[in-house]
Amino acid sequence: MDMQEYQGRIKGVLITKEEIRRRIAEVGAEISKEYEGKPLLLVSVLKGAFVFMADFCRAVTVPCEIGFMRVRSYFDSTVSSGEVEILMDLDQDISNYHVVLVEDIVDTGRTLSLLVERLKQRNPLSLEVVTLLDKPDRRVVDFQADRVLFTIEDRFVIGYGLDCGELFRNLPDIAEYDVDYAAEVTV
């Protein structure tokens, strides 16, 4: 992809880095207050949530540990495949922790529903989900995150860790991806 096409695929900024920073500070303060004095484990869902997790864990001011899981459901497409594959699982016992699952986006709900079920089977002291983005119009599974930083319409979004075909993760804002760009250029 050349630079013109790369830039052309960014339809417009939906949420600015300043708005993201402000909400992360607010939710980080809530988590810090709620889990003060408790064993806390923040679990990031890779790859999409890595940028969010980096900023979020710094906004949490109480002692906490960090864990990672890696899942895949898009398989290089702009539409969820409907299948969830766990590529990397947690390698620690979570039964003595309050677990906060940190996710980039709740779309169909399949991925988080599966992950929450799997983590509950490991008997954490408590489990909650914090998501950067929620797209309730896309839900096919009954799932609701405990804390949502932003609710958005049904648009394919990129930036701030979110990708399309592994590109655009490094954008500082959350932007809409122009799925019709190729058609517009060839017309």
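Trainee: How should the packing of helix α2 (residues 17-34) against helix α3 (residues 50-59) be read in this particular structure?
Mentor: For any two helices packed against each other, the geometry comes down to the angle between their axes and how far apart the axes lie. Where α2 meets α3, the closest approach of the two axes is 8 Å, and the angle between their N-to-C directions is 50 degrees. When the axis of α2 is compared with that of α3, the two are oblique. Read as a crossing pair, α2 and α3 show a hand that is right-handed. The residues of α3 that touch α2, namely those facing Ile24, Ala25, Val27, Gly28, Ala29, Ile31 and Ser32, are Phe52, Asp55, Phe56 and Ala59. For the contact of α2 with α3, the residue count by class is 8 nonpolar, 2 polar and 1 charged.

Trainee: Would you explain the environment of Leu101 in this entry?
Mentor: In this structure, Leu101 sits in strand β5 (residues 98-106). Assessed through its relative accessible area of 0%, Leu101 is described here as buried. Separated by 55 residues in the primary sequence, Leu101 and Phe156 place their C-alpha atoms 22 Å from one another. Not counting residues up to four positions away in its chain, the partners in contact with Leu101 are Val43, Val45, Leu112, Leu115, Val116, Leu119, Glu128, Val129 and Val130.

Trainee: Help me out: how do you make sense of the sheet that holds strand β9 (residues 174-177) in this one?
Mentor: What links the strands of a sheet is backbone hydrogen bonding, and the strands pair in either a parallel or an antiparallel sense. Ordered by their spatial adjacency, 3 strands build an open sheet running β1-β9-β8, and the pairing between neighbours is antiparallel. Looking at which strands have only one partner, the edges of the open sheet turn out to be β1 (10-15) and β8 (157-158). Summarising the sheet, β8 and β9 pair through 2 bridges and their orientation is antiparallel. Paired with Val157 across the bridge in β9 is Glu176.

Trainee: Even after reading the chapter, I still don't get the packing of aromatic side chains, so can you show me in this structure?
Mentor: When we look at a pair of aromatic rings, we describe it by the centre distance and by the angle of the planes. A complete count under the given rule lists 4 aromatic pairs for this structure. Ring geometry for Tyr6 against Phe168: centres 4.4 Å apart, planes inclined by 10 degrees, an arrangement best described as stacked. Of this pair, Tyr6 sits in helix α1 (residues 3-8) while Phe168 is found in the loop between β8 and β9, placing the two residues 162 residues apart along the sequence. For Tyr6, a relative accessible area of 15% translates into the label buried. Ring geometry for Phe168 against Tyr177: centres 5.7 Å apart, planes inclined by 75 degrees, an arrangement best described as edge-to-face. With respect to burial, Phe168 and Tyr177 carry one shared label: buried. Ring pairing ties together the aromatic residues Tyr6, Phe156, Phe168 and Tyr177, which thus form one cluster.

Trainee: Teacher, can you tell me more about the pattern of salt bridges here?
Mentor: Any two side chains of opposite charge can pair, so long as their charged atoms come close to each other. All chains considered together, the criterion is met by 17 salt bridges. Glu34 serves as the salt-bridge partner of Arg147, at 2.2 Å between the closest nitrogen and oxygen. Taken together, the residues Arg147 in strand β7 (residues 147-151) and Glu34 in helix α2 connect sequence positions 113 residues apart. Exposure remark for Glu34: the relative accessible area of 38% places this residue in the partly exposed category.

Trainee: Whenever I open this one, a nonpolar patch on the surface confuses me. Can you help?
Mentor: On the surface, a cluster of nonpolar side chains totalling about 300 Å² of accessible area is made up of Ile66, Phe68, Leu87 and Met88. When contributions to the nonpolar patch are tallied by element, the ones reaching two or more residues are β3 (65-72) and β4 (85-88). Tracing the backbone shows Leu87 in strand β4. Judged by relative accessible area, Leu87 falls into the partly exposed class, the value being 37%.

Trainee: In this structure, what is going on with the sheet that holds strand β6 (residues 126-134)? I would like to understand it.
Mentor: Ordered by their spatial adjacency, 6 strands build an open sheet running β4-β3-β2-β5-β6-β7, and the pairing between neighbours is mixed. Looking at the sheet topology across the chains shown, the edges are occupied by β4 and β7. Averaged over all neighbouring strand pairs, the angle between strand axes comes to 25 degrees, with direction disregarded. Of the pairings in the sheet, the one linking strand β2 (residues 40-46) to β3 comprises 6 bridges and is parallel in character. By the bridge assignment for β3, Leu42 is matched with Ile66. Here α2 sits on the sheet in contact with β2, β5, β6 and β7, set at roughly 170 degrees to β7. Across the sheet, helix α4 (residues 110-120) touches β2, β3, β4, β5 and β6, and the angle it forms with β5 is around 170 degrees.

Cut-offs applied
Residues numbered from 1 in each chain as written. Predicted model: local features only at pLDDT ≥ 70, side-chain atom pairs only at ≥ 80, totals over all residues. Heavy atoms only, no water. Axes fitted to C-alpha atoms, helices over the stretch in contact; angles between N-to-C directions. Helix = DSSP H or I, 4+ residues; strand = E, 2+ residues; numbered from the N terminus. Parallel < 35°, antiparallel > 145°, perpendicular 65-115°, else oblique. Left-handed = near helix turned anticlockwise from the far one by under 90°. Contact = heavy atoms within 4.5 Å. Nonpolar A, V, L, I, M, F, W, Y, C, P; charged D, E, K, R; others polar. Buried < 20%, exposed > 50% of the residue type's maximum accessible area, 1.4 Å probe, protein only. Pairing = 2+ DSSP bridges. Phe/Tyr/Trp six-rings, centres within 6.5 Å; stacked < 30°, edge-to-face > 60°. Salt bridge = Lys/Arg side-chain N within 4 Å of Asp/Glu carboxyl O. Patch = residues over 30% accessible without salt bridge, like charges linked within 9 Å, V, L, I, M, F, W, Y side chains within 5 Å. Areas by Shrake-Rupley, 256 points an atom, 1.4 Å probe, with all protein chains shown as cover.

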